[in-house]
Amino acid sequence: MQSFVIKNGRVIDPHNGIDEVTDVVIENGRISKIGRFSSSTSSSSVAVTGSDQGPSLDASGCIVTAGLVDCHVHAYQHATPLGINVDRSCLARGVTAVVDAGSSGSGTFSGLRRFIKDQCDTRVYCFLHIAQHGLAAAGCVAPGGGGEIDSLNVVNVQDCVDTIKANRDMVIGVKVRLAVDISDSGKNEQEAYRRALLAAREAGVPLMVHHARSNVLQTGENGALGCPGDLEPGDIYTHCFHGHYGGIVDPATGRVSDACWAAKRRGVLFDVGHGRGAFFWRVAEQCASEGFWPDIISTDLHTQCVEGPSYELTCTMSRMLHLGMELKDIVAAVTSKPAQVIGKLSEIGHLGIGMAADVTVLRIDDISEDLEDVEGAIRSVTKAFTPVAVFREGKQFEILEGRRWPDPEVREKLEGIAASWKLTDANKNATEN
Ligand SMILES: [Zn+2]
């Protein structure tokens with residue numbers, strides 16, 4: 001038997017109630033023990049050297065967790081404008097599993113499996129877009145351009161359900177984006193949302209909703225659906241810290257809306273989904289002050305934000321640490337919680353004995369940096385998570401140097417983008433008033 005020991009790290013596994021300095025023993029690609037290792041108690045005859053070479057890794061001063069899960073990324077590289085290389089931007093930065101958030105729909109899904117999942121070392125799951133072509137041509141939500149639900153002809157419930165049922169190993173939910181810019185000026189939002197809910201319920205999977213700059217109100221009125229008002233327990237409200245109109249902080253009170261609190265209490269999950277336009281310090285701080293923490297921490301990594309302002313999962317985790325979220329809750333939000341939400345706790349998300357040995361070793365470094373958000377606002381951040389080592393099924397992969405963050409040049413570009421958002425939001429408000 002081949003064994004490998006990750007020694008002396010602070011092992012944090014919220015799912016199994018573990019938080020202690022100890023060892024993680026891996027045999028034949030699986031977790032065989034969490035506890036002090038001695039060669040006599042192992043079936044292995046290999047001596048533990050205590051060096052980085054050979055059968056052990058000294059994780060003193062580090063945190064050891066189940067392999068990190070990023071529950072919102074765009075992985076469909078070369079086939080969609082938003083797709084990134086997940087082995088480079090995720091696995092090589094400590095993330096062993098990603099969930100693609102709707103890059104493919106029923107008509108384009110097979111390529112996501114064949115050209116991405118089957119070719120990558122990172123585990124790839126996905127939400128299937130309710131639009132048959134997914135995000136084949138769609139960019140970010142922004143003034144101008146078109147979107148994936150500009151026509152309802154491509155929003156087909158049965159095709160979506162059939163594809164999910166035939167691919168349950170990989171497809172774990174349905175995705176829809178509700179935004180005026182991508183839905184024939186808002187005309188199709190209600191119907192696309194209704195069909196996405198139908199598909200998710202018929203397939204028995206969660207719905208992930210992007211809801212920003214949308215005409216869909218939080219609580220439905222006169223027969224119209226609301227978001228998150230009509231989401232059910234287990235559904236996911238992503239981009240929860242966006243500061244565009246329709247966000248979770250009610251502008252009338254300056255507090256998290258009653259509809260969002262009610263949704264959280266009944267079991268709707270709130271996901272960060274940082275991206276290029278969905279992490280505003282001012283919104284996240286208001287939520288933190290009310291104890292409204294995200295259930296899932298994710299990056300929404302895509303081509304328009306992987307070079308900043310989202311950068312990588314450990315950056316988004318560092319933002320939550322700065323806001324005062326508890327360390328064990330941060331770890332849960334990038335391991336067991338997303339694994340549970342996507343129904344894959346038997347495969348990923350914790351360090352139970354016999355589980356595939358997906359393991360991440362992290363350090364918390366002291367830093368002194370002004371970290372920008374998506375509108376260029378900065379906060380002085382003093383701690384940063386840094387990936388140190390990563391294993392998938394017991395195989396160690398190299399940690400490659402990440403994109404340096406924060407970056408003052410990114411901040412300058414963001415201020416320009418944020419100015420255009422403000423113009424659009426002002427027009428919206430002028431139309432309403
Ligand atoms: Zn996204």
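The text that follows walks through the structure, step by step, so that each part is easy to find. (Residues numbered from 1 in each chain as written. Predicted model: local features only at pLDDT ≥ 70, side-chain atom pairs only at ≥ 80, totals over all residues. Heavy atoms only, no water.)

## Re the layout of surface pockets
By rolling a water-sized probe across the atoms, one finds the places where empty space is left. Here the second largest pocket defines a volume of roughly 220 Å³. Looking at the lining of the second largest pocket, the elements that each hand over two or more residues are β15 (359-372) and β16 (378-392). Tallying contributions element by element places β16 first for the lining of the second largest pocket, with three residues. Each residue belonging to the lining of the second largest pocket can be placed in one class, and the counts come to five nonpolar, three polar and five charged. Mapping the lining of the second largest pocket onto the domain boundaries places at least three of its residues in each of domain 1 (3-64 + 359-364 + 382-404) and domain 2 (68-341). (1 Å grid on protein atoms, 1.4 Å probe; cavity = no way out; pocket = protein on both sides within 12 Å on 5 of 7 lines; lining within 4 Å. Points joined across faces, edges and corners; volume = space filled by probe spheres on them. Helix = DSSP H or I, 4+ residues; strand = E, 2+ residues; numbered from the N terminus. Nonpolar A, V, L, I, M, F, W, Y, C, P; charged D, E, K, R; others polar. Domains from an automatic or database assignment.)

## Topic: empty space enclosed by the protein
As enumerated under the stated definition, the model contains two cavities of 30 Å³ or more in all. Of the volumes computed, that of the second largest cavity is approximately 50 Å³. Ala66, Gly67, Val69, Thr96, Ala97, Glu347, Ile348, Gly349, His350, Ala356 and Asp358 are the residues that line the second largest cavity.

## Some remarks on the sheet that holds strand β11 (residues 236-238)
Spatially, the seven strands line up as an open sheet ordered β6-β7-β8-β9-β10-β11-β14, and their pairing is parallel. With partners counted over all chains shown, the strands left at the sheet margins are β6 (68-73) and β14 (269-270), one partner each. Strand direction decides the pairing type here: β6 and strand β7 (residues 95-105), joined by four bridges, are parallel. Bridge pairing links Val73 to Asp100 in β7. Where helix α2 (residues 109-117) meets the sheet, it contacts β7, β8 (123-129) and β9 (171-178), and its direction lies at approximately 165° from that of β8. (Pairing = 2+ DSSP bridges. Contact = heavy atoms within 4.5 Å. Axes fitted to C-alpha atoms, helices over the stretch in contact; angles between N-to-C directions.)

## As for the packing of helix α3 (residues 157-166) against helix α4 (residues 189-203)
As a packed pair, α3 and α4 sit with axes 9 Å apart at the nearest point and diverge in direction by 35°. Relative to α4, α3 is oriented so that their crossing is right-handed. Taking contact as the criterion, the partners of Val157, Gln158, Cys160, Val161, Ile164 and Lys165 in α3 are, on α4, Arg195, Leu198, Ala199, Glu202 and Ala203. Of the residues contributing to the contact of α3 with α4, the split by class is seven nonpolar, one polar and three charged. (Left-handed = near helix turned anticlockwise from the far one by under 90°.)

## Details of the pattern of salt bridges
Counting across every chain of the model gives 25 salt bridges. For Asp329, the salt bridge identified is with Lys328, shortest N-O distance 3.4 Å. Given a relative accessible area of 32%, Asp329 falls into the partly exposed group. The exposure class assigned to Lys328 is partly exposed, which follows from its relative accessible area of 47%. Look at the salt bridges and you will find they share partners, linking Arg123, Asp358, Arg392 and Glu393 into a network. (Salt bridge = Lys/Arg side-chain N within 4 Å of Asp/Glu carboxyl O. Buried < 20%, exposed > 50% of the residue type's maximum accessible area, 1.4 Å probe, protein only.)

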